[in-house]
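Report on the structure
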Amino acid sequence: MLKFFISSHGHFASGIYSSLEILMGPNSRVTVFDAYVNQDSVQEHLDAFYENVAEDDQVLLLSDLYGGSVKPATIKEQMAQSDIDGALVGGASLTADSFAQIVKGAM
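Residues numbered from 1 in each chain as written. Predicted model: local features only at pLDDT ≥ 70, side-chain atom pairs only at ≥ 80, totals over all residues. Heavy atoms only, no water.

1. Re the side chain of Ser-7
Mapped onto the fold, Ser-7 is located in strand β1 (residues 2-9). Of note is the side chain of Ser-7, whose polar atom sits 3.0 Å from the side chain of Ser-63. Aside from chain neighbours lying at most four places away, what touches Ser-7 is Ala-13, Phe-33, Leu-62, Ser-63 and Asp-64. (Helix = DSSP H or I, 4+ residues; strand = E, 2+ residues; numbered from the N terminus. Polar contact = N/O pair within 3.5 Å; in protein donor to acceptor, adjacent residues only side chain to side chain. Contact = heavy atoms within 4.5 Å.)

This is the structure:
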C-alpha cells in the first residue's frame, strides 16, 4: 500500500490534506505534519508514521524542506545526525546574532 507523509512550514501540509479530503474524502494513508506551529518534532512524527508502515508498503515523503529550517534551537540536534554533514542557512528573518548562534552550535 502506498502511504504519504506531507510536511511543511506552518499549516500548508494540513491545508493540502484538507483540499484532498474535499476531492477524495478522508484517507488514512495520508499523514501530515505542520512544522513550527507548536513544539512537536518532525522526527517524532516520522518515527510514529513508520511504526505503521509494513515491509511491503511504499512511502512517499513530501516536504518543502526535509528536516526543517536551521535555527539556533535545532542546529546541534541536526548536526549530530550521522547522515548530515552541512547545513543550508537562509531566511529573510535571520539576524546576525541568530547566524552566529547557528555557526557556534554547528561546531
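And the narrative resumes.
2. Considerations on the side chain of Ser-8
Tracing the backbone shows Ser-8 in strand β1. Look at Ser-8 and you get buried, because its relative accessible area is 3%. With residues near it in sequence (within four places) discarded, Ser-8 still touches Ala-13, Phe-33, Asp-34, Ala-35 and Asp-64. (Buried < 20%, exposed > 50% of the residue type's maximum accessible area, 1.4 Å probe, protein only.)

3. Concerning the confidence of the model for the protein chain
Where the model shows low pLDDT, its predicted coordinates should not be examined in detail. With 93% of its residues at a pLDDT of 70 or more, the protein chain has an overall mean of 85. At the level of individual helices and strands, the protein chain shows its lowest average pLDDT in helix α3 (residues 75-79), which scores 82, and its highest in helix α1 (residues 12-24), which scores 93. (pLDDT = per-residue confidence, 0-100.)

4. Concerning the packing of aromatic side chains
Across all of its chains, the model carries two aromatic pairs by this definition. Here the aromatic rings of Phe-49 and Tyr-50 are separated by 5.3 Å at their centres, their planes lie at 75°, and the arrangement is edge-to-face. By relative accessible area, Tyr-50 is classed as partly exposed at 39%. (Phe/Tyr/Trp six-rings, centres within 6.5 Å; stacked < 30°, edge-to-face > 60°.)

5. Brief notes about the pairing of β1
Counting buried positions along β1 yields six of eight residues, so the element is predominantly enclosed. Pairing geometry for β1 and strand β3 (residues 58-63), over six bridges, is parallel. Residue Leu-2 lies in a different strand from β3, and its bridge partner there is Gln-58. Bridging between β1 and strand β2 (residues 30-35) involves six bridges; their strand directions are parallel. (Pairing = 2+ DSSP bridges.)

6. Some details on the environment of Ser-8
Linking Ser-8 and Val-32, residues 24 residues apart in sequence, is a C-alpha distance of 8.5 Å. A distance of 2.7 Å separates a polar side-chain atom of Ser-8 from the backbone nitrogen of Ala-13.

7. A closer look at the nonpolar core
Of all hydrophobic cores here, the largest spans six residues; its members are Phe-5, Phe-33, Ala-35, Leu-46, Phe-49 and Val-53. Those elements giving two or more residues to this core turn out to be β2 and α2 (42-51). Residue contacts for Phe-5: discarding those within four places in its chain leaves Thr-31, Phe-33, Val-42, His-45, Leu-46, Phe-49, Leu-60, Leu-61 and Leu-62. (Core = buried A, V, L, I, M, F, W, Y, C linked by side-chain atoms within 4.5 Å.)

8. Some remarks on unusual backbone geometry
Phi angles above zero are rare outside glycine, and Tyr-36 is one such case at about 65°. For Tyr-36, a relative accessible area of 37% translates into the label partly exposed.

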